[in-house]
Amino acid sequence: MAAPVYPAWVIRWVSGQWRQKKRPPVIRPTRPLVLANKVANRREQAGEATCITEMSVMMACWKRNDFSDTACADEIRMFYDCVAKAEKERKAQNEEDTVTARGNLTSSKVNKLLKRFPQITRYV
(Lines give C-alpha, C1' and ligand atoms only; values in the text may rest on other atoms or scores of the structure.)
Protein backbone atom coordinates (compact mmCIF):
# COMPACT_ATOMS: atom_id res chain seq x y z
CA MET A 1 0.00 0.00 0.00
CA ALA A 2 1.35 3.46 -0.87
CA ALA A 3 1.80 6.26 1.67
CA PRO A 4 -0.76 9.05 1.51
CA VAL A 5 0.29 12.23 -0.30
CA TYR A 6 -0.31 15.40 1.66
CA PRO A 7 -0.44 18.96 0.27
CA ALA A 8 2.72 21.06 0.60
CA TRP A 9 1.26 23.41 3.21
CA VAL A 10 0.54 20.47 5.56
CA ILE A 11 4.13 19.20 5.25
CA ARG A 12 5.51 22.71 6.03
CA TRP A 13 3.13 23.10 8.98
CA VAL A 14 4.06 19.75 10.52
CA SER A 15 7.81 20.22 10.05
CA GLY A 16 7.79 23.77 11.50
CA GLN A 17 9.04 25.46 8.34
CA TRP A 18 6.10 27.88 8.37
CA ARG A 19 7.52 29.51 11.53
CA GLN A 20 10.81 30.41 9.86
CA LYS A 21 9.12 32.58 7.26
CA LYS A 22 7.50 34.88 9.86
CA ARG A 23 9.21 38.11 10.80
CA PRO A 24 10.46 38.66 14.34
CA PRO A 25 8.13 40.75 16.51
CA VAL A 26 8.60 44.50 16.44
CA ILE A 27 9.86 45.79 19.79
CA ARG A 28 8.89 49.36 20.54
CA PRO A 29 10.49 50.92 23.64
CA THR A 30 8.14 52.64 26.05
CA ARG A 31 10.73 55.34 26.79
CA PRO A 32 13.34 56.95 24.59
CA LEU A 33 16.61 55.04 24.51
CA VAL A 34 18.83 57.75 26.04
CA LEU A 35 20.47 58.06 29.41
CA ALA A 36 18.83 60.26 32.01
CA ASN A 37 20.60 63.35 33.31
CA LYS A 38 20.63 62.00 36.85
CA VAL A 39 20.75 58.69 38.71
CA ALA A 40 18.99 57.62 41.89
CA ASN A 41 20.73 58.49 45.14
CA ARG A 42 22.12 55.36 46.73
CA ARG A 43 23.59 55.15 50.17
CA GLU A 44 27.21 54.25 50.26
CA GLN A 45 27.83 51.13 52.27
CA ALA A 46 28.75 51.86 55.83
CA GLY A 47 32.40 51.33 56.62
CA GLU A 48 33.75 49.52 59.62
CA ALA A 49 33.20 50.97 63.07
CA THR A 50 36.05 53.00 64.52
CA CYS A 51 37.06 53.83 68.09
CA ILE A 52 35.23 50.86 69.61
CA THR A 53 37.90 50.19 72.22
CA GLU A 54 38.01 53.84 73.33
CA MET A 55 34.23 53.90 73.62
CA SER A 56 34.14 50.71 75.67
CA VAL A 57 36.87 52.05 78.01
CA MET A 58 34.90 55.29 78.43
CA MET A 59 31.65 53.45 79.20
CA ALA A 60 33.39 51.13 81.67
CA CYS A 61 34.81 54.19 83.43
CA TRP A 62 31.36 55.77 83.57
CA LYS A 63 29.92 52.59 85.06
CA ARG A 64 32.67 52.41 87.70
CA ASN A 65 32.29 56.09 88.65
CA ASP A 66 28.49 56.30 88.61
CA PHE A 67 28.41 58.19 85.26
CA SER A 68 30.52 61.09 86.43
CA ASP A 69 32.18 63.03 83.60
CA THR A 70 34.80 64.64 85.81
CA ALA A 71 36.22 61.30 86.97
CA CYS A 72 36.42 59.99 83.38
CA ALA A 73 37.75 63.12 81.65
CA ASP A 74 40.86 61.37 80.28
CA GLU A 75 38.85 58.51 78.73
CA ILE A 76 36.33 60.96 77.23
CA ARG A 77 39.14 63.05 75.74
CA MET A 78 40.79 59.93 74.27
CA PHE A 79 37.47 58.91 72.69
CA TYR A 80 36.85 62.35 71.15
CA ASP A 81 40.41 62.49 69.83
CA CYS A 82 39.96 59.11 68.19
CA VAL A 83 36.65 60.18 66.63
CA ALA A 84 38.19 63.39 65.26
CA LYS A 85 41.14 61.47 63.81
CA ALA A 86 38.83 58.89 62.16
CA GLU A 87 36.62 61.65 60.73
CA LYS A 88 39.64 63.43 59.26
CA GLU A 89 40.86 60.19 57.66
CA ARG A 90 37.43 59.50 56.21
CA LYS A 91 37.16 62.98 54.67
CA ALA A 92 40.67 62.73 53.22
CA GLN A 93 39.83 59.36 51.69
CA ASN A 94 36.58 60.69 50.18
CA GLU A 95 38.37 63.65 48.62
CA GLU A 96 41.22 61.64 47.11
CA ASP A 97 39.19 58.64 45.92
CA THR A 98 36.69 59.26 43.16
CA VAL A 99 36.02 55.54 42.81
CA THR A 100 34.58 53.30 45.52
CA ALA A 101 36.25 50.12 46.73
CA ARG A 102 34.32 48.06 44.18
CA GLY A 103 35.45 50.29 41.33
CA ASN A 104 32.21 52.25 40.85
CA LEU A 105 31.53 55.96 41.11
CA THR A 106 29.21 57.13 43.86
CA SER A 107 25.78 58.36 42.81
CA SER A 108 26.53 61.96 43.81
CA LYS A 109 29.67 62.01 41.64
CA VAL A 110 27.81 60.46 38.72
CA ASN A 111 25.14 63.18 39.03
CA LYS A 112 27.83 65.89 39.02
CA LEU A 113 29.35 64.43 35.85
CA LEU A 114 25.96 64.14 34.16
CA LYS A 115 25.22 67.79 34.98
CA ARG A 116 28.51 68.81 33.40
CA PHE A 117 27.91 66.64 30.33
CA PRO A 118 24.13 66.35 29.75
CA GLN A 119 22.62 63.99 27.20
CA ILE A 120 21.74 65.33 23.76
CA THR A 121 17.97 65.03 23.44
CA ARG A 122 17.61 66.70 20.04
CA TYR A 123 19.71 66.94 16.94
CA VAL A 124 20.95 70.35 15.81
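Because the structure is predicted, anything quoted here is derived from the model rather than measured.

What counts, and at which threshold
Residues numbered from 1 in each chain as written. Predicted model: local features only at pLDDT ≥ 70, side-chain atom pairs only at ≥ 80, totals over all residues. Heavy atoms only, no water. pLDDT = per-residue confidence, 0-100. Helix = DSSP H or I, 4+ residues; strand = E, 2+ residues; numbered from the N terminus. Polar contact = N/O pair within 3.5 Å; in protein donor to acceptor, adjacent residues only side chain to side chain. Phe/Tyr/Trp six-rings, centres within 6.5 Å; stacked < 30°, edge-to-face > 60°. Buried < 20%, exposed > 50% of the residue type's maximum accessible area, 1.4 Å probe, protein only.

*Asks:* Which residues make up the confidence of the model for the chain, and what values go with them?
*Replies:* Confidence in the prediction for the chain averages 81 pLDDT; 80% of positions are at 70 or higher. Of all the helices and strands in the chain, helix H2 (residues 17-20) carries the lowest mean pLDDT, 56, while helix H3 (residues 52-64) carries the highest, 94.

*Asks:* So what about the environment of Thr-70? Which residues, and what values?
*Replies:* With respect to the helices and strands, Thr-70 occurs in the loop between H3 and helix H4 (73-96). Among the polar contacts listed, one links the side chain of Thr-70 to the side chain of Ser-68, at a separation of 3.1 Å.

*Asks:* Break down the packing of aromatic side chains for me, with residues and values.
*Replies:* As enumerated under the stated definition, the model contains 1 aromatic pair in all. Ring centres 5.8 Å apart and planes at 50 degrees place the aromatic pair Phe-79 and Tyr-80 in the tilted group. Among the residues examined, Phe-79 registers a relative accessible area of 14% and is labelled buried.

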